Amino acid sequence: MKKRILLPALMIGALLTASLAMAGPGGFGGKGGCNGKMPGSMSAEHHEERMEQRLEMMDTLLELTDEQKSQIEALLNAQQQRRQQLHEQMQASREALHATKSAESFDEANFRTKAAKQAELKTEMMVEMAKLKQQIHALLTPEQQEKAAKLGDLMGGCGKGRHGGAGCGA
């Protein structure tokens, strides 16, 4: 009986510790900007480290096969490249929106156009995250999918990232 309680408790503790570490400085919740990057952006090395940690945790909790690990790693790499493109577009859009807002005379139509573009980019980012979650889910066996769903429920939905978006990936 104790083993049935101990293992999930340890897994939850590990996941919570990892999520707290990600929320701290340098993680997704961190405040960047000192190095010229937009706040919350990660270096390639940091992304690689985070991806490895994420894969290790998924492997431990879901007992992934080597093929699943390599497929998930490829999905995460492709998603990171797309996310970086979207981040760059969002930064340019934010700067254009700020410039329009700070102009001598306020052009509401222009501001609305730029705000709509910003919203479109945010929506695209959310769609990318949802697609990634579904793609990873499709790689899992029914047993792994069930375990991932249970772990997500234990973690309070697990999909609550920095702004309420998907955070688990599985």
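Structure shown above.
The rules behind each value
- Each chain has its residues counted from 1, following the order in which its sequence is written.
- The model is predicted, so local features are restricted to residues of pLDDT at least 70 and side-chain atom pairs to those at 80 or more, both for listing and for counting; the totals for chains, interfaces and linings are taken over all residues.
- Hydrogens and water are ignored here; the side-chain numbers use all heavy atoms of the structure.
- Under the DSSP-based scheme used, a helix requires at least four consecutive residues in state H or I and a strand at least two consecutive residues in state E, with every element numbered from the N terminus.
- Expected span of a helix, by definition, is 1.5 Å for each gap between consecutive residues, and there is one gap fewer than residues.
- Exposed residues in this analysis have more than 50% of their type's maximum accessible area, buried residues have under 20%, and partly exposed residues fall in between, with area computed by a 1.4 Å probe over protein chains only.
- Think of a nonpolar core as a cluster: buried Ala, Val, Leu, Ile, Met, Phe, Trp, Tyr and Cys residues, connected wherever their side-chain atoms sit within 4.5 Å.
- By definition in these notes, contact holds between two residues if any of their heavy atoms fall within 4.5 Å.
- Criterion for a salt bridge: a side-chain nitrogen of Lys or Arg within 4 Å of a carboxyl oxygen of Asp or Glu.

A look at helix α3 (residues 66-102)
- Taking 1.5 Å per residue, 37 residues should reach 54 Å; α3 reaches 53 Å between its end C-alpha atoms and fits that length.
- Inspection of α3 places Gln68, Ile72, Leu76, Gln79, Gln80, Arg83, Leu86, Met90, Ser93, Leu97 and Thr100 among the buried residues, and these make up the whole buried set.

Details of the nonpolar core
- Core analysis: the biggest nonpolar cluster contains 13 residues, and Met58, Leu62, Leu64, Ile72, Leu76 and Ile136 have the highest contact counts within it.
- For this core, the secondary structure elements donating two or more residues are α2 (44-62), α3, α4 (108-139) and α5 (142-154).
- Residue contacts for Ile72: discarding those within four places in its chain leaves Leu55, Met58, Leu64, Ile136 and Leu139.

So, the side chain of Glu128
- Inspection of the secondary structure puts Glu128 in helix α4.
- Those residues in contact with Glu128, other than ones at most four positions away along the chain, are Arg82 and Leu86.

Regarding the pattern of salt bridges
- Scanning all chains against the criterion turns up 8 salt bridges.
- With a shortest N-O distance of 3.3 Å, Asp59 and Lys69 are connected by a salt bridge. Pair noted here: Asp59 is in helix α2 and Lys69 is in helix α3, with a separation of 10 residues, a long-range link.
- In this structure Asp59 comes out as partly exposed when scored by relative accessible area, which is 23%.
- Among the residues examined, Lys69 registers a relative accessible area of 24% and is labelled partly exposed.
- As a salt-bridge pair, Lys131 and Glu128 come within 3.6 Å of each other at their nearest N and O atoms. With a gap of 3 residues between them, Lys131 and Glu128 both fall in helix α4, about one helical turn apart.

Looking at unusual backbone geometry
- Residue Glu63 is not a glycine yet carries a positive backbone phi of 55°.
- Relative to the assigned elements, Glu63 resides in the loop between α2 and α3.

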